[in-house]
Structures are given as C-alpha cells and as structure tokens.
Amino acid sequence: DGGITQSPKYLFRKEGQNVTLSCEQNLNHDAMYWYRQDPGQGLRLIYYSQIVNDFQKGDIAEGYSVSREKKESFPLTVTSAQKNPTAFYLCASSILAGGNNEQFFGPGTRLTVL
Amino acid sequence: AQSVTQPDIHITVSEGASLELRCNYSYGATPYLFWYVQSPGQGLQLLLKYFSGDTLVQGIKGFEAEFKRSQSSFNLRKPSVHWSDAAEYFCAVGATGNQFYFGTGTSLTVIP
C-alpha cells in the first residue's frame, strides 16, 4: 500500500540534544512538507521541498533543519536551538508543489523534551 | 495575506443530529479549499476539496461543503452525525504559491 510513514511515533529528548524525525513516502510524490501542530494553533509549516535536493523555509523554520537527498525521504532535525520543541510533528507529501495539490499526511511523531 | 478562520473551537452534537462546521478564508484570488479530519494522535485525512465548478462538493463519510464566494466561506456539513465522527476538523486554503494555510481546527464531540 502507498503511503507516508513517520518514525518514531513517540520521541523523548533531553534539553540540548538534537533529534531527527524520519519521514518516508512511497507515493512517488515530488513535494514533501513538515508541519508542527500545537493545541489550539492548527498546523504551521516548518519546511517544504518541491523536488530532490531543494527545500525552502516555511513560517517557523528557526531551530529546525531538513535534507532531501532522495525523493522518498525528507528527514527533519530538531536542533538544540529550537526553544520549545515539544509538539506533534506531521509530515505530508503531494504529487507536485502548489496549493491545488492535495497533501497526504503521515501518522505523526510526538516529540517531548524532558 | 492569506488566512483561514474556524470560529468554533469546540462543538458538541447529539448522535443523529445535523452538523455544520464553519470556515472563513481570506485570499485574493479564487482559492483552493480543503477540509481534513484528524483522529486523536493521528495524521490528517482529506474529506473533500473545492477547486472550481459546482459550489456544493461531496466528500467521504457523508460530508459535504458549500463554497460561498460572497461570504468567503466554505462550511462543512453532515445531515446525521455518527459517534465515529468525533474528531478534529481542519479547513485549509491552498495558495497559488506552494503553501497551505490551515485553520486552528474545530473539535467535535458526539454524545449518544
């Protein structure tokens, strides 16, 4: 079955540590996205990638980094510079970038900083 | 600037009752509009979308939505709610750039 997988489902991090969240898709989609979800704030875009080896900052990129070395993979690193990283992180993909393309979502990773 | 407003943070309805979730958007051009549903601790699933044409669109799980340009609205409706519809619902606008803009969500509780 085609879809998006995110791992791990739950992640715990100590303050000052970097941590990487995995996102893989087998939908053959060009575009991939990372969102952060906090209660009462909806989804906020962290980074997106239109194509392999290219990515752009979203609205809240500070303290995060990404790479897009393969079409199917778009890992997100939460660095120690992110002041409040505890949140639910959602990865999405669409066949192409653009607002007219439905985004498909993974099941999410809940990150907790201890 | 583009934005999406969902005025109702939380709605409670009885099972079998009708449902309407409100969504207002701010966008300069013809918008691409979406409704997604999220169960607790899960990702988002697309319910329906509007790009152009008939302003009443049908989606999955018996949901429908109506695009009203004059009111900048895209409200989601269901004639008879089931207990399994309890979830968080998000309205989104797809801009001509590469971003989606999501509302803050409406949490739906269904009581027996």
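Model, not experiment: these values are computed from the prediction.

Quick one: what's the story with the confidence of the model for chain B, residue by residue and with numbers?
Detailed reading of predicted coordinates is not advised where the pLDDT is low. Overall, the predicted model of chain B reaches an average pLDDT of 93, with 97% of residues at or above 70. Ranking the helices and strands of chain B by mean pLDDT puts strand S3 (residues 19-21) of chain B first, with 98, and strand S11 (residues 100-102) of chain B last, with 89.

Describe in detail the packing of aromatic side chains, supporting the description with residues and values.
According to the stated counting rule, one finds 18 aromatic pairs over all chains in the structure shown. Measuring from centroid to centroid gives 6.4 Å for A:Tyr33 and A:Tyr35, while their planes differ by 25°, and the two rings are stacked. Each of the two residues, A:Tyr33 as well as A:Tyr35, counts as buried. Geometrically, the ring pair formed by B:Tyr50 and B:Phe74 is tilted, given 6.3 Å between the ring centres and 45° between the ring planes. Taken together, the positions of B:Tyr50 in strand S6 (residues 44-50) and B:Phe74 in strand S9 (residues 73-78) put the pair 24 residues apart, joining distant regions of the chain. The exposure class of B:Tyr50 is buried, given its relative accessible area of 4%. Through successive ring pairs, a cluster of aromatic residues spans A:Tyr33, A:Tyr35, A:Tyr48, A:Phe105, B:Tyr32, B:Phe34, B:Tyr36, B:Phe51, B:Phe100 and B:Phe102.

Account for the pairing of strand S10 (residues 87-94) of chain B, with residues named and values stated.
All names here are of chain B. With 7 of its 8 residues buried, S10 lies for the most part within the structure. Examined bridge by bridge, strand S5 (residues 32-38) and S10 share 7 bridges and lie antiparallel to one another. Along S10, the bridge assignment pairs Tyr 36 with Phe 90. Pairing geometry for S10 and strand S12 (residues 106-111), over 3 bridges, is antiparallel. From the neighbouring strand, Glu 88 faces S12, where its bridge partner is Ser 107.

Pulling in residues and values, what's your account of the interface of chain A and chain B?
It is common to report an interface's size as the accessible area lost on association of the parts. Between chain A and chain B, the residue contacts involve 24 residues of the former and 21 residues of the latter. Note on chain A versus chain B: buried area summed over both sides is about 1,700 Å², and carbon and sulfur give 54% of it. Notably, a salt bridge pairs A:Glu102 with B:Lys49, separated by 3.8 Å at the nearest N-O pair. The interface formed by chain A and chain B includes 3 residue pairs in polar contact (both at pLDDT 80 or more). Broken down by secondary-structure element, the contributors of at least two residues to the side of chain A that touches chain B are strand S4 (31-37), strand S5 (43-51) and strand S9 (87-94) of chain A. Element by element, the count of residues in the side of chain A that touches chain B is highest for S5(A), at 4 residues.

Residues and numbers for the state of the cysteines, please.
One pass over the structure, following the stated rule, counts 2 disulfides over all chains. Here A:Cys23 pairs with A:Cys91 through a disulfide, and the sulfurs are 1.9 Å apart. Note on the A:Cys23 and A:Cys91 pair: the S-S dihedral is about -70°, so by sign convention the disulfide is left-handed. With A:Cys23 in strand S3 (residues 19-25) and A:Cys91 in strand S9, the pair connects residues that are 68 residues apart, well separated along the chain. The buried category is assigned to A:Cys23, whose relative accessible area is 0%. Residue A:Cys91 is classed as buried on the basis of its relative accessible area, which comes to 0%. What pairs with B:Cys23 in a disulfide is B:Cys91, and their sulfur atoms sit 2.0 Å apart. Measuring the twist about the S-S bond at about -65°, one finds the B:Cys23-B:Cys91 disulfide to be left-handed. One end of the pair, B:Cys23, is in the loop between S3 and strand S4 (24-26); the other, B:Cys91, is in strand S10, with 68 residues separating them in the sequence. You can call B:Cys23 buried: its relative accessible area is 0%.

Here is what the cut-offs are and how they apply
Residues numbered from 1 in each chain as written. Chains lettered and ligands numbered in written order. Predicted model: local features only at pLDDT ≥ 70, side-chain atom pairs only at ≥ 80, totals over all residues. Heavy atoms only, no water. pLDDT = per-residue confidence, 0-100. Helix = DSSP H or I, 4+ residues; strand = E, 2+ residues; numbered from the N terminus. Phe/Tyr/Trp six-rings, centres within 6.5 Å; stacked < 30°, edge-to-face > 60°. Buried < 20%, exposed > 50% of the residue type's maximum accessible area, 1.4 Å probe, protein only. Pairing = 2+ DSSP bridges. Contact = heavy atoms within 4.5 Å. Buried area = accessible area lost by both parts, 1.4 Å probe. Salt bridge = Lys/Arg side-chain N within 4 Å of Asp/Glu carboxyl O. Polar contact = N/O pair within 3.5 Å; in protein donor to acceptor, adjacent residues only side chain to side chain. Disulfide = S-S within 2.5 Å.

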